[in-house]
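Observations on the three-dimensional arrangement
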Amino acid sequence: MSDHALELLSISCTFHSKDNPGQRYTAVADTTLRIKAGEFVSVVGPTGCGKSTLLNVGAGLLEPSSGTVKVFGQTLAGINTRAGYMFQTEALMPWRSAIDNVMVGLQYRGVPDAQAREQAEAWLSRVGLSGFGDRYPHQLSGGMRKRVALAQTLVLDPDIILMDEPFSALDIQTRQLMENEVLDLWNAKKKAVLFITHDLDEAIAMSDRVVVLSAGPATHPIGEFAIDLARPRDVAEVRTQPRFVELHTQIWEVLRDEVLKGYAQQLKKAA
Ligand SMILES: Nc1ncnc2c1ncn2[C@@H]1O[C@H](COP(=O)(O)OP(=O)(O)OP(=O)(O)O)[C@@H](O)[C@H]1O
Ligand SMILES: [Mg+2]
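In what follows, the accompanying structure is described. Note that the structure is predicted; figures quoted are calculated from it, not measured. (Residues numbered from 1 in each chain as written. Chains lettered and ligands numbered in written order. Predicted model: local features only at pLDDT ≥ 70, side-chain atom pairs only at ≥ 80, totals over all residues. Heavy atoms only, no water.)

1. What about the packing of aromatic side chains?
- All chains considered together, the criterion is met by four aromatic pairs.
- Seen in terms of ring centroids, Tyr85 and Phe87 are 4.3 Å apart; in terms of plane orientation they differ by 20°. Their pairing is stacked.
- By relative accessible area, Tyr85 is classed as buried at 15%.
- Here Phe167 and Phe195 contribute two aromatic rings whose centre-to-centre distance is 6.4 Å and whose plane-to-plane angle is 50°, an arrangement assigned as tilted. Placement of Phe167 in the loop between strand 7 (160-164) and helix 5 (172-189) and of Phe195 in strand 8 (residues 192-197) is noted, with a sequence separation of 28 residues between them.
- With a relative accessible area of 1%, Phe167 lands in the buried category.
- Among the residues examined, Phe195 registers a relative accessible area of 0% and is labelled buried.
- One aromatic cluster is present, formed by Phe40, Phe167, Trp186 and Phe195 through successive ring pairs.
- Directly above the aromatic system of Trp123 lies the positively charged group of Arg126, at a separation of 4.4 Å from the ring centroid.
- When the ring centre of Trp186 is taken as origin, the NZ or CZ atom of Lys190, which lies over that ring, is 4.9 Å away. (Phe/Tyr/Trp six-rings, centres within 6.5 Å; stacked < 30°, edge-to-face > 60°. Buried < 20%, exposed > 50% of the residue type's maximum accessible area, 1.4 Å probe, protein only. Helix = DSSP H or I, 4+ residues; strand = E, 2+ residues; numbered from the N terminus. Lys NZ or Arg CZ within 6 Å of the ring centre and 35° of its normal.)

This is how it looks when you write it as structure tokens:
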């Protein structure tokens, strides 16, 4: 068996323009990314470069124009059932209470209601929300909704966790709390994580490895950095370590120009 949980091999993604079907846009070009079982990998890159596209490919939600996805050594066809996915946008069902949102995936899998409820309650309490199960999403704060989404993903005990800028909408304190929670949960279970962010501090603080993507079009990895900071880590404390600052400087050197290119392109698109 492969010691890689997820392999994106020579992935390219070309989209047709909705307004002008003859026009094509290559978002991702010839990208290879491998994540070992138990490894925490972050992908950083400028806005609009193709991060969510890559994650969608890994989740099996988007078929690449070319390239192969392997999951524990097996070629993926269709949805990646070994993966849990935390979306960039809010994905809770507003008509279901928090507990019902956490239970839904288990119910789809055919777990009996009583057992599903018990597991969902355990996860709600693990993310600090015991007693909030009967609240609906609109009765929870943004940070609480993210916790519910986290419980919803982790209750299924996926071997691969895909997270797309899960905390970018949160204030800095809530964000750091959530980051530490994710690290604690990951430490306990050591699943493969592919974490997308455009926040370099977050990427370094959380990960074993940081991959930098170029600005689009034809996004591809342009740098890869092993993060050799000791674990367990506290995301706020680790930022003050000299090694963190050193890594940050090295990676930012590669990322900076791409971020500037990314912004320039967005302005051009908007004009
Ligand atoms: N279904 C689609 N049809 C056409 N173009 C698309 C489609 N999905 C993504 N794109 C384009 O591909 C590029 C990459 O999009 P993607 O959402 O992957 O970027 P991103 O890196 O996740 O950005 P952000 O950091 O803002 O979330 C963008 O230019 C986007 O407009
Ligand atoms: Mg995105």
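2. Description of the site of ligand 1
- Close contacts around ligand 1 come from 14 residues, with Thr47, Gly48, Lys51, Thr53 and Lys269 the closest.
- Within the contact set of ligand 1, an oxygen atom lies 2.7 Å away from a side-chain nitrogen or oxygen of Thr47.
- Glu165 places a side-chain nitrogen or oxygen 3.3 Å from an oxygen atom of ligand 1.
- Protein contact buries 66% of the 640 Å² of open area that ligand 1 shows by itself.
- A molecule is said to occupy a pocket when more than half its atoms come within 2 Å of that pocket's grid points, and by this definition ligand 1 occupies the second largest pocket.
- For the shell around ligand 1, the element with the most residues is helix 1 (residues 51-59), which contributes three residues.
- Of the residues in the shell around ligand 1, the class split is four nonpolar, seven polar and three charged. (Near = heavy atom within 4 Å. Polar contact = N/O pair within 3.5 Å; in protein donor to acceptor, adjacent residues only side chain to side chain. Areas by Shrake-Rupley, 256 points an atom, 1.4 Å probe, with all protein chains shown as cover. 1 Å grid on protein atoms, 1.4 Å probe; cavity = no way out; pocket = protein on both sides within 12 Å on 5 of 7 lines; lining within 4 Å. Sits in = over half its atoms within 2 Å of the grid points. Nonpolar A, V, L, I, M, F, W, Y, C, P; charged D, E, K, R; others polar.)

3. So, helix 1
- Across the nine residues that make up helix 1, a large majority, seven, are buried.
- Listing the buried residues of helix 1 in full gives Lys51, Thr53, Leu54, Leu55, Val57, Gly58 and Ala59.
- Trailing helix 1 by a residue or two, Gly60 shows a phi angle of about 80°, which is positive.

4. Concerning unusual backbone geometry
- In this structure, Pro217 follows Gly216 across a cis peptide bond, with omega equal to -10°.
- Relative to the elements of secondary structure, Pro217 occurs in the loop between strand 9 (209-213) and strand 10 (221-226).
- Residue Arg231 is joined to Pro232 through a cis peptide bond whose omega torsion reads -5°.
- One can find Pro232 in the loop between strand 10 and helix 7 (235-238).
- Phi is positive for Asp30, which is not a glycine, with a value near 50°.
- Here Asp30 is to be found in strand 2 (residues 24-36).
- Here Glu165, not a glycine, exhibits a phi torsion of approximately 40°, which is positive.
- Secondary-structure assignment places Glu165 in the loop between strand 7 and helix 5.
- Among the residues examined, Glu165 registers a relative accessible area of 5% and is labelled buried.

5. Details of the coordination of the magnesium ion (ligand 2)
- Protein coordination of the magnesium ion (ligand 2) is provided by Ser52 (OG) and Gln88 (OE1), with donor distances spanning 2.0 to 2.4 Å. Of this pair, Ser52 sits in helix 1 while Gln88 sits in the loop between strand 6 (83-86) and helix 2 (98-108), placing them 36 residues apart in sequence.
- What makes Ser52 partly exposed here is its relative accessible area of 23%. (Donors = N, O, S within 2.8 Å, 3.2 Å for Na, K, Ca; no water.)

6. Things to note about the environment of Ala226
- Mapping Ala226 onto the fold places it in strand 10.
- Taking relative accessible area as the criterion, Ala226 reaches 54% and is therefore assigned exposed.
- With 33 residues separating them in the primary sequence, Ala226 and Val259 have C-alpha atoms 21 Å apart.
- Contacts of Ala226, omitting those with residues within four sequence positions, involve Asp208, Arg209 and Leu247. (Contact = heavy atoms within 4.5 Å.)

7. Observations regarding the sheet that holds strand 1 (residues 4-16)
- Across the sheet, which stays open at both edges, the four strands sit in the order 2-1-4-5 with antiparallel pairing between neighbours. Edge positions in the open sheet fall to strand 2 and strand 5 (74-75), since each of these has one partner strand only.
- Helix-sheet contacts for helix 1 involve strand 1, strand 2 and strand 4 (66-71), and the interaxial angle to strand 1 is about 125°. (Pairing = 2+ DSSP bridges. Axes fitted to C-alpha atoms, helices over the stretch in contact; angles between N-to-C directions.)

The quantities given are spatial measurements derived from coordinates; they are silent on function.
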